[in-house]
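Close look at the chain arrangement
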Amino acid sequence: NEAQNVQISVTKYDGKPAAVSVSKIGKVYQYMQINVSNVGNKLNKAKITAKVTKSWITSNGVDKNNVVISKFDESDEQWNELPTTYSSEDTTHYYYDAEVTSFSYFSISEKATNLPDETSGETGTTGETGTGAEEQGKTSAWIWVVVIIVVVVALIWWIWARKK
């Protein structure tokens, strides 16, 4: 069935959203919420592309290959790391892709397997110390996420329309 009037909204959070009961363990680059309406059950999967500033990676001592997009599971109240692939980079950002089948709260962070032993007493930080330019970079990252989602939805609709 054709999806019409599809609406996508991406909300960026400076820290853990109040509606989320558990913080993501480790160094978190960004929390976000993606809401999609007027899709119903017409969407099988979508690709999220996130960009992370190289300066955040460097200043937080995170390896560029150890960044993950995680989705918050509200029923289990836990963060589930999605299979995330490093896709490319430009002069200021690294780009990462992950596939999703539904939308909710997401985080972009270091992989949990690369965290210090929890018995050491170390805890992650949110990495929320940024300059105005870095904040602008984060804002444009969410614009890219929205653009990618819109393109995926349009592509699914186009494929479906051609099958008719």
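Residues numbered from 1 in each chain as written. Predicted model: local features only at pLDDT ≥ 70, side-chain atom pairs only at ≥ 80, totals over all residues. Heavy atoms only, no water.

Some remarks on the overall build of the chain
Along the chain, the regular secondary structure elements total 2 helices and 8 strands. In the chain, the order of α-helices and β-strands from amino to carboxyl end is β-β-β-α-β-β-β-β-β-α. Classification of the 164 residues of the chain by burial places 37% in the buried group. Taking all contacts inside the chain whose residues are at least 6 apart in sequence as the whole, residues at least 24 apart take part in 74%. Summed over its atoms, the accessible surface of the chain is roughly 9100 Å², and 51% of this surface lies on carbon and sulfur atoms. (Helix = DSSP H or I, 4+ residues; strand = E, 2+ residues; numbered from the N terminus. Buried < 20%, exposed > 50% of the residue type's maximum accessible area, 1.4 Å probe, protein only. Contact = heavy atoms within 4.5 Å. Areas by Shrake-Rupley, 256 points an atom, 1.4 Å probe, with all protein chains shown as cover.)

Structural notes on the pairing of strand 6 (residues 84-89)
Taken together, the 5 bridges between strand 6 and strand 7 (residues 93-100) define a ladder with antiparallel strand orientation. From the neighbouring strand, threonine 84 faces strand 7, where its bridge partner is alanine 98. In textbook terms, the turn of a hairpin is the stretch between consecutive antiparallel strands, and for strand 6 and strand 7 this stretch comprises 3 residues. (Pairing = 2+ DSSP bridges.)

Let's talk about the pattern of salt bridges
Per the stated rule, a full pass over the model turns up 5 salt bridges. A salt bridge links glutamate 99 to lysine 45; its shortest N-O distance comes to 3.7 Å. Taken together, the positions of glutamate 99 in strand 7 and lysine 45 in the loop between strand 2 (28-37) and strand 3 (46-53) put the pair 54 residues apart, joining distant regions of the chain. Judged by relative accessible area, which is 47%, glutamate 99 ranks as partly exposed. One salt bridge connects lysine 47 with aspartate 97, and the closest N-O pair in it is separated by 3.9 Å. You can see lysine 47 sitting in strand 3 and its partner aspartate 97 sitting in strand 7, a full 50 residues away along the chain. Residue class for aspartate 97 comes out buried when judged on its relative accessible area of 14%. Each of Lys54, Lys64 and Glu89 takes part in a single network of salt bridges with overlapping partners. (Salt bridge = Lys/Arg side-chain N within 4 Å of Asp/Glu carboxyl O.)

Considering the sheet that holds strand 4 (residues 67-73)
Strand order in the open sheet formed by 5 strands is 1-2-8-4-5, with antiparallel pairing between adjacent strands. The sheet terminates laterally at strand 1 (7-13) and strand 5 (78-81), the two strands that pair on one side only. Averaged over all pairs of adjacent strands, the angle between their axes in this sheet comes to 30 degrees, without regard to strand direction. (Axes fitted to C-alpha atoms, helices over the stretch in contact; angles between N-to-C directions.)

Details of the confidence of the model for the chain
With 74% of its residues at a pLDDT of at least 70, the chain reaches an overall mean of 79. Mean pLDDT across the elements of the chain bottoms out in helix 2 (residues 132-163) (64) and peaks in helix 1 (residues 54-59) (95). Below a pLDDT of 50 lies the segment residues 117-135, which in the model reaches 25 contacts outside its immediate sequence neighbourhood of four places, other chains included. (pLDDT = per-residue confidence, 0-100.)

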